[in-house]
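# Notes for the structure review
This is what each chain is made of:
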Amino acid sequence: MSQEEVIVGIDLGTTNSLVGVVESGFPIILADENGKRLCPSVVHYAESGKITVGEEARRQQILQPDRTVSSVKRLIGQTADSLPKSGHGDHSSPVEADDHGRLSLQLAGGLTQNPAEVSSQILKHLKKVAEDALETEVNRAVITVPAYFNNRQREETRKAGEMAGFTVERIINEPTAAALAYGLENLDEAETVAVYDLGGGTFDLSVLKMQEGLFEVIATAGDTRLGGDDIDLELANFLLLKMEISGDSVNRANSPALLALAREAKEALSREESFEVRLPFFAEGKSYETTVTREELDGVIGPIIEKTRNLCVRAFAEAENKGVSEIDHLILVGGSTRIPLVRELLEKWFGLEPNLSQHPDEAIALGAAVQAGILCGRIRQVVLLDVTPLSLGIETFGGLMNIIIPRNSTIPAKAGELFTNAVANQKSTVIRVLQGEREMARDNWNLGEIEVPFQPGQKGSARVGVQFAIDQNGILEVLTRDTATGEDHILEIRDSAVDVEDTEVEKMVSESIDYAFDDMNERIWTEATMKSRELLPAVETALEQVGELLAAEETKSISDAAERVRQLLENSEEKDAVRLKKANAELDEATQTLAATLVDLAFSQSLEE
Ligand code: ADP
Ligand code: MG
């Protein structure tokens, strides 16, 4: 094997990072000189200029928090605006933003580092671990990121890799990597797999379908700010209360010692029922002691774990609309899934026995190593497919959203529909391309517009085909065609079809749920008004033509029904969609004989001709 062939897989975690490689067809995690495979994602900058990464840096954090950076992944690719106001960070040192909102960490002694620089130190360290273990130079890497990382966060991660001296071959999603690790042993079976990843900083849930040699991501959901760090913080505050230590509540920067202790207690409580907490000479030189039980911990962290439930439900529901019954395996990864409560709740919620076959700490790096192995030809080809985060469609009559490619469709994707002109003698129409989950066009995002000219004619005579095609890179091409002339028009929309900011997607989806009832009512109302506007003039004309052929009471019941429709239409503020729909149906019903008479008339006229 030649030197440049080696590609390593790296899990660059918020809390811990690991490096793996495929050897003799199997992915393995590489250990450092102390035999440790898990490297805390902590960087210490000493006065002397020496930079340390890992366990030693984590120890230094308690002594010199202002010279130490942890959880830098929470900052990478973020700007001053995108950063949450408080409660998160845990990077110890103050963060400053320049005029462009770009962040940098201010360390003691006037040292300034940006998040990508800090990450590159971790990657440089892992590069060294790999080179020592493999006794060869390592220059190429596959790096994982949370599924919900946006483009900027991915790009900054890539930059960190390059600064560390790597050629970054791929940036892949963490849950996908976990599934890759799992799939290696289970390649023969066609199964649907959900990966539940609760780490220190992020939560991700992905649903993937596995077929021999092929993985397909069919749904993803997650929260970039949910994990073990939040649990540590809650527990630390609980300990303050329990030990009656007065003063400010804990935040990520103000008490590394207490947070470290909370983490120790939490981790021990995954194995034991109770834990002795000792804080010698803590506040104002006093010492504190108490016992925490697993039950107490469960009480404190229940609400945090509960937050993952809705995200799971949503992704299960969206995975081909089949729900949890279609999930064959629920794979747990991430250090926080060691918490017994997580396992219990998942089983209780979904009636699925969590699959613990994957090493919670190592699965993602092993998967990254598998991907690296595929790239350098050490493993046979496995294809990964991406999904659309939001639905794509166009605006149709009455300002409604008409979905052409639904949310969570696998890309590449292609779909189309045929539309007709709404108005007689129209020469063209404007097709507005929309993205989002709301029923009304105006509540979705406008991606672009395209004007389609066609042969003027009667209402409904023109036929315009609209086709959406998303390619492998997430670029959306909208093609329109006048079917009479065969004339095509093409609009290309870059980036936005697949690459959307995670927070924007979360917002759009949650709004679509919040407004579901109102939206649905508005859609039914709009459709019903269009129907009424069609019915009323038609009924009027028909009554003029053949009204005298009908019995008087029949004519009256038709006019009454028409009047009810008219009144509801006039009362448009109330938008009583259900009643309007009913009134339309009644008018339809009342005009049965009228319609039949019209047909008869037309028939006898045609005989006379
Ligand atoms: P990340 O992906 O964010 O780097 P990891 O998957 O490495 O995170 O998980 C780290 C988290 O797992 C930390 O919050 C850590 O405290 C937690 N953790 C590790 N072991 C245990 C345990 N035995 N019980 C509970 N939590 C644990
Ligand atoms: Mg992780």
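Residues numbered from 1 in each chain as written. Chains lettered and ligands numbered in written order. Predicted model: local features only at pLDDT ≥ 70, side-chain atom pairs only at ≥ 80, totals over all residues. Heavy atoms only, no water.

## Some thoughts on the sheet that holds strand β27 (residues 476-482)
Defined as follows: The rule for pairing is simple: two strands pair if DSSP sees at least two bridges between them. Helix and strand definitions follow DSSP, with helices as H or I runs of at least four residues and strands as E runs of at least two, each counted in order from the N terminus. Simply put, an axis is a line fit to the C-alpha atoms, just over the touching stretch for a helix, and the angle between two N-to-C directions goes from 0 to 180 degrees.
If you trace the 4 strands from one edge of the open sheet to the other, you get β23-β26-β27-β28, paired in antiparallel fashion. Edge positions in the open sheet fall to β23 (413-420) and β28 (487-493), since each of these has one partner strand only. The average angle at which neighbouring strand axes cross in this sheet is 15 degrees, direction not considered. Here 8 bridges tie β23 to strand β26 (residues 463-470), and the two strands are oriented antiparallel to one another. Following the sheet pairing, Leu418 is matched in β26 by Gly465.

## Structural notes on the domain arrangement of the protein
Our working definition: Domain ranges listed in this record stem from an automatic or a database domain assignment.
Assigned domains of the protein: these are domain 1 (3-226 + 301-387), domain 2 (228-300), domain 3 (392-514) and domain 4 (516-608). The straight-line distance from the C-alpha centre of domain 2 to that of domain 3 is 54 Å.

## Digging into helix α6 (residues 256-269)
Put simply, the test is: Between the first and last residue of a helix there are one fewer steps than residues, each counted as 1.5 Å, and that sum is the expected span. We call two residues in contact when some of their heavy atoms are within 4.5 Å.
The terminal C-alpha atoms of α6 lie 20 Å apart, and with 14 residues this matches the ideal 20 Å at 1.5 Å per residue to within 8%. In this structure, the buried residues of α6 make contact with α5 (228-242), β16 (274-279), β17 (288-293) and α7 (294-318).

## Considerations on the site of ligand 1
Heads up, the rule is: Here, proximity means that at least one heavy atom of the residue falls within 4 Å of the molecule or strand. Within 3.5 Å is the distance limit for a polar contact, defined as a pair of N or O atoms, with the added protein rule that one can donate a hydrogen and the other accept it, and that residues adjacent in sequence qualify only through two side-chain atoms. All accessible areas in this document rest on Shrake-Rupley with a 1.4 Å probe, and a residue is counted as covered only by the protein chains that are shown.
Lining the immediate surroundings of ligand 1 are 17 residues, of which Thr15, Gly200, Lys266, Glu267 and Ser270 lie closest. One of the backbone nitrogen or oxygen atoms of Gly201 is found 3.2 Å away from an oxygen atom of ligand 1. Contact between ligand 1 and Ser336: an oxygen atom at 3.3 Å from a main-chain N or O atom of the residue. For ligand 1, whose accessible area on its own is 580 Å², the fraction buried by protein is 93%. Mapped onto the domain boundaries, the shell around ligand 1 takes at least three residues apiece from domain 1 (3-226 + 301-387) and domain 2 (228-300).

## What to know about the nonpolar core
Note the threshold: Put simply, buried Ala, Val, Leu, Ile, Met, Phe, Trp, Tyr and Cys residues joined by side-chain atoms within 4.5 Å make one nonpolar core. Think of it in three bands: with a 1.4 Å probe and only protein chains considered, a residue is buried below 20% of the maximum accessible area for its type, exposed above 50%, and partly exposed in between.
One finds Tyr196, Val207 and Phe316 to be the most contacted residues of the largest nonpolar core, which totals 53 residues. Sorting elements by how many residues they give to this core places α7 first, with 9 residues. Judged by nonpolar contacts, the second largest core, of 37 residues, contains Leu105, Ala116, Phe149 and Val168.

## Remarks on the sheet that holds strand β21 (residues 400-405)
Pairing within the open sheet is antiparallel, and its 4 strands lie in the order β21-β20-β24-β25. Each of the sheet's edge strands pairs with one partner strand only, and the pair in question is β21 and β25 (445-453). In this sheet, neighbouring strand axes are inclined to one another by 30 degrees on average, regardless of whether the strands run parallel or antiparallel. In this structure, strand β20 (residues 392-396) lies alongside strand β24 (residues 428-435), joined through 3 bridges in antiparallel fashion. Residue pairing for β24: Gly393 is matched across the bridge by Leu434.

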